[in-house]
Amino acid sequence: MATAETPATLKRAFWEWDGNLTRAVLEDLRQGINYWPLWIRLGWQDVMLRYRRSMIGPFWLTISMGIMVFSLGLIYGDLFGMVVDRYLPFLTIGFLVWGLISAVLNEGCQTFIESEGIIRQIDLPLSMFPLRVLWRNFIIFLHNAVIYVVVVVVFDLALNGSLLWAIPGLILLLINALWSATLLGILSARFRDLPQIVSNILQVAFFVTPIIWIPQASFKRPLLIDANPFYHFIELLRAPLLGHAPTLANWSVALLITLLGCVGTFLFYRRAYGRIAYWV
Amino acid sequence: MAASILSLDDVWVEYAIYGLANRSLKKTLVGLASRGRLAREVETEISRVVALKGINLRVDDGERVGVVGANGAGKTTLLRVMAGALKPLRGRIRRIGFTSSLFDVSLGMNSEANGWDNITLRGLYLGLTPREIRALADEIADFSGLTPEQLACPVRTYSSGMQVRLAFAISTAVRPDILLLDEWISAGDAAFVEKAKQRMIDLVDKSRILIFATHYDWLLAGICNRAICLQDGKIVADGPVADTLAFYHQSATPLPAQ
């Protein structure tokens, strides 16, 4: 019977808890990254198991989103009296990015609750759970991104150098998804009605955010657009993917939210860290 | 390798038991906004249970510590705090040595995934690297008695005996320096039980520190060289196994009414 003689290397042999929360949280974040083989695998497994029964796997989602985008594009394009060439790419990217945002926020509420059994029993770094939620939804996002490629080819979109803006835009979006999932995950563990509230807010947000309608098409530009953080984050990706750079306002708002979100979440995480295992 | 140590200084654990209203953000906010005039149940519904009250314990390399105590005395909480899953409200904990807890053998098993995937997943949960898991996978498969064909099927298609055998094989595959055990673990049919027993003894022998909570005196006496007794979240006895057990049974038996 040959069992492992060497101690495991993901988990540290030395562990100390002395009530120094800042140190504990920083160590937790380091270990959360260190545990990437676990959350990468869990994320993949989540996606695969969700679509296991269908032959084409997660691409099922791609197809269903593709059908929705194309049919909505045709109907609404006609209703709003817009050229399909212009409306459908706009709609596609909006849907794609919104899909990522809303899924991370909705599922972010379950970040810690869905792993309650494990959290209460083993000392895994808690920061790996938001990373798992983010990774799982990023995989789905990449599957859906196929639709964008199809749209580019079909509508022969004129892309240019401003496409590169999409890279920092995506990174910023993912950073925000991460702190949101962490914050909502902790709050939902404590307050069990939060997931419902979040999903209600997201429903409203979908309609007030320029996703199925183009802001320039309306006569007046309501304040609601510029005060809506979702709009700016969607623009970070939608503008470059349509062939123009995001505005300075888009970047300023997004960067400000990123800064506030990261700092706020860190402080909150630090405060709640010792209680999460009790709340789930 | 450095000697293993597990030490707890003045460790306090408190559970807050929330009522339904307290679990609701809406009601909590209403309660706060109205300064308690509305949604009054929010304040009154929290009850606090102090599960550990100033635990001081130092366990050195080579010690096998049994934990006894009535239900609700704090045994499970103590083990979870030692594991690092529950963070204490106050106090310090220091652990030197790779630690593994065996509270629930089927923890983290996914019944939709196949046997091999579950071996990998559980290995990662234990803190192993993918490479270390690959090195162990065959031995785990072999010990579980499942064929490679069976391991390629989703775990939900297994009989309950097969599931338990696999779970046991996985969770006992790593030899930790510090082993935390909540009740003795056994599994499977008669033949497997014997194999499992040998493996558990081996696991315990190879560990440098053992913390073992159980209700069975004979197991404790056979394995441990020190025992502590918990009562109402406090250590009320600490010493040789026989002394602690004697104290425990004496204190647990109520005095006859006069």
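Chain B is annotated in an unreviewed UniProt entry as O-antigen export system ATP-binding protein RfbE of Candidatus Competibacter denitrificans Run_A_D11. One UniProt comment on chain B, placed under Sequence similarities (unreviewed entry), says "Belongs to the ABC transporter superfamily."

Enquirer: Break down the side chain of R132(A) for me, with residues and values.
Expert: All names here are of chain A. Here R132 is to be found in helix 6 (residues 128-155). Overall, the relative accessible area of 10% leaves R132 in the buried class. Among the polar contacts made by the side chain of R132, one reaches the side chain of D46 at a distance of 2.9 Å. Residue contacts for R132: discarding those within four places in its chain leaves W39, L42, G43, D46, E114 and S115.

Enquirer: So, the interface of chain B and chain A: which residues are in play, and what are the values?
Expert: Facing the 59 residues of chain B at the interface are 48 residues of chain A. Summing both sides of the interface, chain B and chain A together bury roughly 5,000 Å²; the carbon and sulfur share of this comes to 56%. Sorting the residues of chain B by area buried against chain A places R23(B), K87(B) and Y125(B) first, and these three jointly supply 17% of that buried surface. Put simply, chain B and chain A have 3 salt bridges between them. Note that R92(B) and E16(A) form a salt bridge whose closest N and O atoms lie 3.2 Å from each other. Linking chain B with chain A are 19 residue pairs in polar contact (both at pLDDT 80 or more), by the criterion used here. Along the lines of polarity and charge, the residues of the side of chain B that touches chain A split into 28 nonpolar, 14 polar and 17 charged. For strand 1 (residues 14-17) of chain A and strand 4 (residues 90-96) of chain B, the ladder comprises 4 bridges, and the chain directions are antiparallel. Following the sheet pairing, W17(A) is matched in strand 4 of chain B by I93(B).

Enquirer: Explain helix 6 of chain A to me, using residue names and the numbers behind them.
Expert: All names here are of chain A. A rise of 1.5 Å per residue sets the reference length of helix 6, with its 28 residues, at 40 Å; its end C-alpha atoms lie 40 Å apart and thus fit the reference within 8%. Within helix 6, 20 of the 28 residues are buried, leaving the element largely enclosed by the surrounding structure. One or two residues past the end of helix 6 sits D156, with phi positive at roughly 50°.

Enquirer: How would you sum up the packing of aromatic side chains? Please name residues and give values.
Expert: Residue and element names in this part refer to chain B. Going through the model one piece at a time under the given rule, you end up with 17 aromatic pairs over all chains. A centroid spacing of 6.2 Å and a plane angle of 25° characterise the contact between F143 and F168, whose relative ring orientation is stacked. In this pair, F143 is assigned in helix 5 (residues 130-144) and F168 in helix 7 (residues 160-171), connecting sequence segments 25 residues apart. Accessibility classification places F143 together with F168 in one group, the buried group. Here the basic side chain of R199 rests over the ring of F143, its NZ or CZ set 4.0 Å away from the ring centre.

Enquirer: If you had to explain helix 3 (residues 59-79) of chain A to someone new, which residues and values would you point to?
Expert: Residue and element names in this part refer to chain A. With 21 residues, helix 3 ought to run about 30 Å at 1.5 Å a step, and its terminal C-alpha atoms sit 30 Å apart, in line with that. Within helix 3 the residues assigned to the buried category are T62, M65, G66, V69, L72, G73 and G77. Residues of helix 3 that are buried make contact with helix 4 (84-108) and helix 6. Positioned one or two residues after helix 3, G81 has a phi angle of 65°, which is positive.

Enquirer: Describe the sheet that holds strand 9 (residues 234-239) of chain B, and please don't skip the residues or the numbers.
Expert: Residue and element names in this part refer to chain B. Within the open sheet, the 6 strands sit side by side as 5-6-7-3-8-9. Their pairing is mixed. Looking at which strands have only one partner, the edges of the open sheet turn out to be strand 5 (99-102) and strand 9. Ignoring strand direction, the axes of neighbouring strands in this sheet form an average angle of 15°. The pairing of strand 3 (residues 64-69) with strand 7 (residues 209-213) spans 4 bridges and is parallel. Bridge pairing in strand 7 places R64 opposite L210. Each of strand 3, strand 5, strand 6 (178-182) and strand 7 is contacted by helix 8 (residues 190-206), which is oriented at about 135° to strand 6, the strand it contacts most.

Enquirer: Kindly report on a nonpolar patch on the surface, identifying the contributing residues and their values.
Expert: Residues and elements named next belong to chain A. A cluster of nonpolar side chains, namely I56, F59, W60, I63, I67, V146, V150 and V154, defines an oily patch on the protein surface of about 720 Å² accessible area. Those elements giving two or more residues to the nonpolar patch turn out to be helix 3 and helix 6. Take the nonpolar patch: its biggest share by element is 4 residues, from helix 3. Tracing the sequence through the fold places W60 in helix 3. On the basis of relative accessibility, which here comes to 48%, the residue W60 falls in the partly exposed class.

Calculation notes
- Residues numbered from 1 in each chain as written.
- Chains lettered and ligands numbered in written order.
- Predicted model: local features only at pLDDT ≥ 70, side-chain atom pairs only at ≥ 80, totals over all residues.
- Heavy atoms only, no water.
- UniProt positions renumbered as here; feature names shortened; annotations may be inferred.
- Helix = DSSP H or I, 4+ residues; strand = E, 2+ residues; numbered from the N terminus.
- Buried < 20%, exposed > 50% of the residue type's maximum accessible area, 1.4 Å probe, protein only.
- Polar contact = N/O pair within 3.5 Å; in protein donor to acceptor, adjacent residues only side chain to side chain.
- Contact = heavy atoms within 4.5 Å.
- Buried area = accessible area lost by both parts, 1.4 Å probe.
- Salt bridge = Lys/Arg side-chain N within 4 Å of Asp/Glu carboxyl O.
- Nonpolar A, V, L, I, M, F, W, Y, C, P; charged D, E, K, R; others polar.
- Pairing = 2+ DSSP bridges.
- Expected span 1.5 Å × (residues − 1).
- Phe/Tyr/Trp six-rings, centres within 6.5 Å; stacked < 30°, edge-to-face > 60°.
- Lys NZ or Arg CZ within 6 Å of the ring centre and 35° of its normal.
- Axes fitted to C-alpha atoms, helices over the stretch in contact; angles between N-to-C directions.
- Patch = residues over 30% accessible without salt bridge, like charges linked within 9 Å, V, L, I, M, F, W, Y side chains within 5 Å.
- Areas by Shrake-Rupley, 256 points an atom, 1.4 Å probe, with all protein chains shown as cover.

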